[in-house]
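Architecture at a glance
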Amino acid sequence: MDAASFIKSVHAGLRQKWHEGHEDFDNIWQEHCNQSDTLQKYAAAMHHLAVDNWQRLGEPQEENRIFWCKNVIMEYYFNGILQKILTKQARRLFYLENGQNIQSSMMNAFVSKEVANQVAIIQRSFINCDKVKLLDVGSCYNPFAEFSQSFVTTAIDLCPADKSVIQCDFLNVAINEAELSEQTNDGVTCAEWLKSNQLQARYFHVVIFCLLLSYFPSPVQRWKCCIHAHRLLMQNGLLLIITPDSSHQNRNSKMVKSWKTAIESIGFTRWKYVKLDHLHCMAFRKSCDVTKNDKDKFASSMYIPQDFNDLTVHNNTICNDANAVSCSDDTKVLARCISLLLKGTVLYHNPKNEQSYI
Ligand SMILES: C[S@@+](CC[C@H](N)C(=O)[O-])C[C@H]1O[C@@H](n2cnc3c(N)ncnc32)[C@H](O)[C@@H]1O
């Protein structure tokens, strides 16, 4: 079996167990985490696929997920995007507090002061004045290590493929909410915290989920990861999500919209979205410190097409496709269809199994 097929088979196996296991995820996950041979084989296969196949076989830089993340972070923190966003926010705040009839010189003074204060806070939090604190979750082989001039990366993975990556299950990591002093600002600290399976709230400038969320068989775990990211990011920090999809830009646009709504409900605002040939790439800014909605209200919105195996999801459409009839023979599929219909989701059988990235 080649590396990509092996990786897909691990994802599919987890999904199948989850569907069969009456959604008892904790046991299934524990069992998965104990399969160290499979995890190590997966780590080696992923490392090989990324470095020897995608990179070496001439993947263009503009299609490369790691460069996309790097460029977005540099643009946001060092090419004026953050200042622009903060300026817009400060103007809105000024209007809300003072109405529109106030002199523009007063507003400009207020906005400049407000933005300068916030930028100063962010700059003080950079390591050595100019290094971004990055958490790469599901890092595998630490692909961001090559940007050590700009980033101090804490790379974690369930099963590391490189010794610079720290073993950690992000789903079960503890998050320390105690206030952090401004002195606690060196990259070494994270490795210390992780020895006791902990990370510090509001510490990171960037959290990256690169091909991570589709590893999980259920929307609930994807949701949990996004909630954790929100707690770990400082105000205005960035959550970057890369998720595989080799189909046409609009094919899964409902999924992308559904993720946007869910993630924004946590206290993020989407700043950027790009569809590359094989990937959706999204950048969310932590715009609000307090989670806005009832916890878990949007968890089921974090679905991916594979959640339905050979079924394709279409929200809010009535399905009269003839293929739907063939689904009804299978009781399990039928049960799943009914449960999703009750949530306002309609399914139909996907006759053409589109080739996917991993
Ligand atoms: C598809 S690989 C992506 C690797 C890398 N981010 C990349 O883009 O090449 C997904 C990785 O997520 C890791 N992973 C899955 N669940 C995890 C968890 N709960 N905590 C930490 N890492 C996890 C897996 O071990 C695997 O290395």
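Residues numbered from 1 in each chain as written. Predicted model: local features only at pLDDT ≥ 70, side-chain atom pairs only at ≥ 80, totals over all residues.

As recorded in an unreviewed UniProt entry, the protein goes by S-adenosylmethionine sensor upstream of mTORC1 and comes from Trichoplax adhaerens. Quoted verbatim from the Sequence similarities (unreviewed entry) heading of the UniProt record, the comment on the protein is "Belongs to the BMT2 family." Quoted verbatim from the Function (unreviewed entry) heading of the UniProt record, the comment on the protein is "S-adenosyl-L-methionine-binding protein that acts as an inhibitor of mTORC1 signaling. Acts as a sensor of S-adenosyl-L-methionine to signal methionine sufficiency to mTORC1. Probably also acts as a S-adenosyl-L-methionine-dependent methyltransferase." (UniProt positions renumbered as here; feature names shortened; annotations may be inferred.)

What follows is about the overall build of the protein. In terms of helices and strands, the protein carries 11 helices and 11 strands. Among the 358 residues that make up the protein, the fraction classed as buried is 30%. In the protein, the proportion of contacts linking residues at least 24 apart, taken out of those at least 6 apart, comes to 70%. (Helix = DSSP H or I, 4+ residues; strand = E, 2+ residues; numbered from the N terminus. Buried ≥ 20, exposed ≤ 12 C-beta atoms within 10 Å, placed from the backbone. Contact = placed C-beta atoms within 7 Å.)

This paragraph deals with the environment of Ser148. Checked against the element boundaries, Ser148 lands in the loop between strand 1 (132-137) and strand 2 (151-157). For the pair Ser148 and Lys131, spaced 17 residues apart in the sequence, the C-alpha separation amounts to 8.4 Å.

Now for the packing of helix 1 (residues 3-20) against helix 3 (residues 36-55). Where helix 1 meets helix 3, the axes come as close as 9 Å, and the angle between the chain directions of the two elements is 135 degrees. Put simply, helix 1 runs oblique to helix 3. Relative to helix 3, helix 1 is oriented so that their crossing is left-handed. Mapping the contact onto sequence places Ala3, Ala4, Phe6, Ile7 and Val10 in helix 1 and Thr38, Lys41, Tyr42, Ala45, Met46, His48 and Leu49 in helix 3. A breakdown of the residues in the contact of helix 1 with helix 3 according to their chemical character gives nine nonpolar, two polar and one charged. (Axes fitted to C-alpha atoms, helices over the stretch in contact; angles between N-to-C directions. Parallel < 35°, antiparallel > 145°, perpendicular 65-115°, else oblique. Left-handed = near helix turned anticlockwise from the far one by under 90°. Nonpolar A, V, L, I, M, F, W, Y, C, P; charged D, E, K, R; others polar.)

Time to look at the site of the ligand. Among the 22 residues in the neighbourhood of the ligand, the closest are listed as Gly138, Cys140, Phe170, Cys210 and Leu211. For the shell around the ligand, the elements supplying multiple residues, two or more each, are helix 3 and strand 2. Considering each element in turn, the shell around the ligand owes the most residues, three residues, to helix 3. Among the residues making up the shell around the ligand, the classes are represented as 17 nonpolar, two polar and three charged. (Near = placed C-beta within 6 Å.)

In this section: the pairing of strand 1. Of all the six residues making up strand 1, six are buried; the element is thus mostly covered by neighbouring parts of the structure. Of the two faces of strand 1, both are covered, the one formed by Val132, Leu134 and Asp136 as well as the one formed by Lys133, Leu135 and Val137.

Glancing now at unusual backbone geometry. Despite not being glycine, Asn197 has its phi angle at roughly 55 degrees, a positive value. Residue placement: Asn197 occurs in the loop between helix 7 (188-195) and strand 5 (198-200). Accessibility expressed as a C-beta count within 10 Å gives 12 for Asn197, which makes it exposed. Here Asn236, not a glycine, exhibits a phi torsion of approximately 70 degrees, which is positive. By the secondary structure assignment, Asn236 is in strand 7 (residues 233-244). The class of Asn236 is buried, set by 20 C-beta atoms lying within 10 Å.

Next up on the list: the sheet that holds strand 9 (residues 279-286). The seven strands are arranged 3-2-1-6-7-9-8 in an open sheet whose pairing can be described as mixed. Each edge of the open sheet is held by one strand with a lone partner, namely strand 3 (166-167) and strand 8 (268-275). Relative to strand 7, strand 6 (residues 204-210) runs parallel, the two being bridged by six bridges. Within strand 7, the residue paired with Val206 across the bridge is Leu238. (Pairing = 2+ DSSP bridges.)

As recorded in UniProt, the sites labelled "binding site: S-adenosyl-L-methionine" (unreviewed entry) are Gly138 and Asp157. Spanning 20 residues, the named residues form one tight spatial group whose C-alpha atoms are at most 4.4 Å apart. By secondary structure assignment, the location of Gly138 is in the loop between strand 1 and strand 2. Of the residues examined, Gly138 has 22 C-beta atoms within 10 Å and is grouped as buried. Excluding its chain neighbours within four sequence positions, the residues that come into contact with Gly138 are Asp157, Phe209, Cys210, Leu212 and Tyr215.

It is worth spelling out the pairing of strand 6 at this point. Counting buried positions along strand 6 gives seven out of seven residues, so the element sits mostly inside the fold. Note that strand 1 and strand 6 share four bridges and pair parallel. Residue Leu134 lies in a different strand from strand 6, and its bridge partner there is Val206. At this point the chain moves from strand 6, through helix 8 (residues 219-232), to the parallel strand 7, and the crossover so formed is right-handed. (Right-handed = clockwise from strand over helix to strand, strands pointing away.)

Our focus in this paragraph is the confidence of the model for the protein. Per-residue pLDDT for the protein has a mean of 84; in total, 82% of the residues score no lower than 70. Model confidence for the protein, summarised as mean pLDDT per element, is weakest for helix 10 (residues 323-327) at 34 and strongest for strand 9 at 98. Here residues 310-330 scores under 50 on pLDDT; set against residues more than four positions off or in separate chains, the count is 44 contacts. With pLDDT under 50 throughout, residues 340-355 is counted as low confidence; its partners more than four residues away or in other chains account for 38 contacts. (pLDDT = per-residue confidence, 0-100.)

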